[in-house]
Structure formats: structure tokens, C-alpha cells
Amino acid sequence: MQFYNQNLHSRLLLGTAGYPSPDILIQAIHASETEIITVSLRREGVGGSEFRQLIAKTKKRFLPNTAGCHTVKEAVTTAQMAREVFETNWIKLEIIGHADTLQPDPFATVEAARILSKEGFEVFPYTTEDLIVGEKLLEAGCQLLMPWGAPIGSGQGLRNIEGLKTMRQYFKNIPLIIDAGIGAPSQAIQAMEIGFDAILLNTAIAKSKNPILMADAFNKAILAGRIAYKAGLMEKRNMAYASTPAYGLADLSL
Amino acid sequence: MKLYLNGEFITTQVKTLADLLKEKNIDVSCVASAIDGNFIPRVRYERTQLQENMKIEVVSPMQGG
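## Side note on the sheet that holds strand S8 (residues 146-147) of chain A
Residue and element names in this part refer to chain A.
Part 1 of the reasoning: The three strands lie next to each other as S6-S7-S8, forming an open sheet whose pairing is parallel. Among the strands making up the open sheet, the edge pair consists of strand S6 (90-93) and S8.
Part 2 of the reasoning: Direction of pairing for S6 relative to strand S7 (residues 122-127): parallel, over a ladder of four bridges. The residue bridging Trp90 from the neighbouring strand is Glu122, located in S7.

Set out below in C-alpha cells:
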């Protein structure tokens, strides 16, 4: 699997926010076997350099985000600052349309994606399952898409699975990452089984009772889902169908 | 001169962004800055002149999802 020509083995991208302690965060990162961790920028003065030293030890690739941005200008400036601090062209472009729903603003996201792509950024856009928005993001220069499963932090799983299946079929050769809304390993498996390329998670691991164990569970779930997709699921039937052969059944009637 | 640094109204005698960060003991190697919403690359700190009421934001790495 490749994101912007980078070969990757793990299909789990892991957020770094909301863990009980820095030590648990580091152990969860290792247990997840992720190769990409998401990070952010906030006002200096609350332990920024310590956090950078902490995560640098993990040797993972950074995917900085524009979380909290509501306008094109805010997102572009945040991306520019992130590139300087984290020394990467990768940016998780997240422009929020409403503070309560945290639904992405597709119009601003497309505009910012166009500006950032021209400036040499490799954009990971947080979007919905809308096909036309997806097309516009690709036209703007994105080489992958990150549709939501459900609203950020909600843990509801794949709220519109039929729409996501359509998206998968429509964008056949584009890497698609489910970003946001996954709450349980079973939901991650479901996304992988229908052919999504990867899952971006944070809260489901950070807010579980044991983030290190849960990171291990998600790692294995995503792997299992991927293998199941490659194996191909059986066709669903409306009626029962006996799996044990009827031929040779003993006649035990009186 | 009075200006805003990370949302706080401050008074300073220094003239450039580089000197302001030095005055505030901020390690420039692990921060990025913006003035009035525009990104200021690190290489321009020395020649970025401060002006009255500028809104300066200095950010550093943090946890994120």
C-alpha cells in the first residue's frame, strides 16, 4: 500500500490525543504497530518541545492535522506552520463546518486542498462519502480521500455503509481511509471487509479502559478485515442453506 | 510597543520577531509562527519588524487526532 509514493505495511493510522499518560500513549503506539501517528499544533507554552521529543522516540511518520480550523485561511496557515515544525509535506486537512457536529466543510476543504497541493503539500482530506466532493478533491491535487465513518469521537462506526460501499466502487484505485467515528474493532473490520484501505483512529483506543490492549485489538482487527476482503466474503442468501451435505444422511425415522 | 502574543496583550521594547521570541525564552527550533493570520517562516524572524497591535501566534507540537 502506498500513500503519496510512501510504502506502508500497517493500515492503521493512530491519533495521539486523550491518552491517560504519555507512557501509555507510547506503549499504545507500539502495540498498534502503526507507522503513522497524527499530531497537531497548539500555542507554545504547554509542553510542546517535550511532546515532540516523546513522539520522536517512536520513529513513526508524522501526519499533522489542521484540527480546529474553520476557514481556508486558518487551515492553510496551520499547514504551513506544521510543515516547518514537523518537517513533512503531509497534512491531514480538516476544516470543520460546525463546532457541534464537527462535520467537514466540503467547500472550504476543496479550496484549501487546491492551495496546499500547489504549494507542494501532500493532502489527506477529511471528507464525507459524497462522490462529487471526492472528485473535486482529487481534481484539486489530493491522491487519497479520508471519508468519515461517523461524526468525530462518536464511536458509531459506519453510519452510512451503503454510501461508503458506493464510494469504494466509484474510486476504485484511490486509497480510501476511514477517518473518524470508529468505536470498536468490529467496526474497523467491517470497513476493511468492504475494501477500505486503512483506518484512522484515536478516541476508540485512547478512551478505552486499556489503550495498550485496545491498540493490539485494532491492529489485529484491521489485519483480519483486510485478509477477509482479499479472501472475498460469501454471497448473502435470503433463505437458510444447510452446510452439512444431505447425501448419506441416515434414515432414523420410525 | 503593545501587541498580542498567543492571545495575551503584552508590552515589549524589542523590534523584531526574533528578538521577541528570545525575550520570551522560546526555543525557535521547535515552534512555528504566524502574524495576523499569515505564516512567518523561521528564516524571516530576524527581518520581521514588529508593529503596534500585531497578533502573533507561536505554536508547538501537541497531541492530535
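## Structural notes on the interface of chain B and chain A
Part 1 of the reasoning: Residue-level contacts link 24 residues of chain B with 27 residues of chain A.
Part 2 of the reasoning: The three residues of chain B that bury the most area against chain A are Pro61, Met62 and Gly65 of chain B, which together make up 29% of that side's buried surface.
Part 3 of the reasoning: The interface formed by chain B and chain A includes one salt bridge.
Part 4 of the reasoning: Residue Glu57 of chain B is joined to Arg43 of chain A by a salt bridge in which the shortest nitrogen-to-oxygen separation is 2.8 Å.
Part 5 of the reasoning: Scanning the region where chain B abuts chain A turns up 15 residue pairs in polar contact (both at pLDDT 80 or more).
Part 6 of the reasoning: Those elements that provide at least two residues to the side of chain B that touches chain A are strand S3 (32-35), strand S4 (38-40) and strand S5 (55-63) of chain B.
Part 7 of the reasoning: If one sorts the elements of the side of chain B that touches chain A by residue count, S5 of chain B sits on top with seven residues.
Part 8 of the reasoning: Each residue belonging to the side of chain B that touches chain A can be placed in one class, and the counts come to 13 nonpolar, nine polar and two charged.
Part 9 of the reasoning: Both strand S4 (residues 36-43) of chain A and S5 of chain B contribute to a ladder of five bridges, which runs antiparallel. Note on S5 of chain B: the bridge partner recorded for Val39 of chain A is Gln63 of chain B.

Parameters and conventions
Residues numbered from 1 in each chain as written. Chains lettered and ligands numbered in written order. Predicted model: local features only at pLDDT ≥ 70, side-chain atom pairs only at ≥ 80, totals over all residues. Heavy atoms only, no water. Pairing = 2+ DSSP bridges. Helix = DSSP H or I, 4+ residues; strand = E, 2+ residues; numbered from the N terminus. Contact = heavy atoms within 4.5 Å. Buried area = accessible area lost by both parts, 1.4 Å probe. Salt bridge = Lys/Arg side-chain N within 4 Å of Asp/Glu carboxyl O. Polar contact = N/O pair within 3.5 Å; in protein donor to acceptor, adjacent residues only side chain to side chain. Nonpolar A, V, L, I, M, F, W, Y, C, P; charged D, E, K, R; others polar.

None of the figures reported here should be taken as evidence of function without further support.
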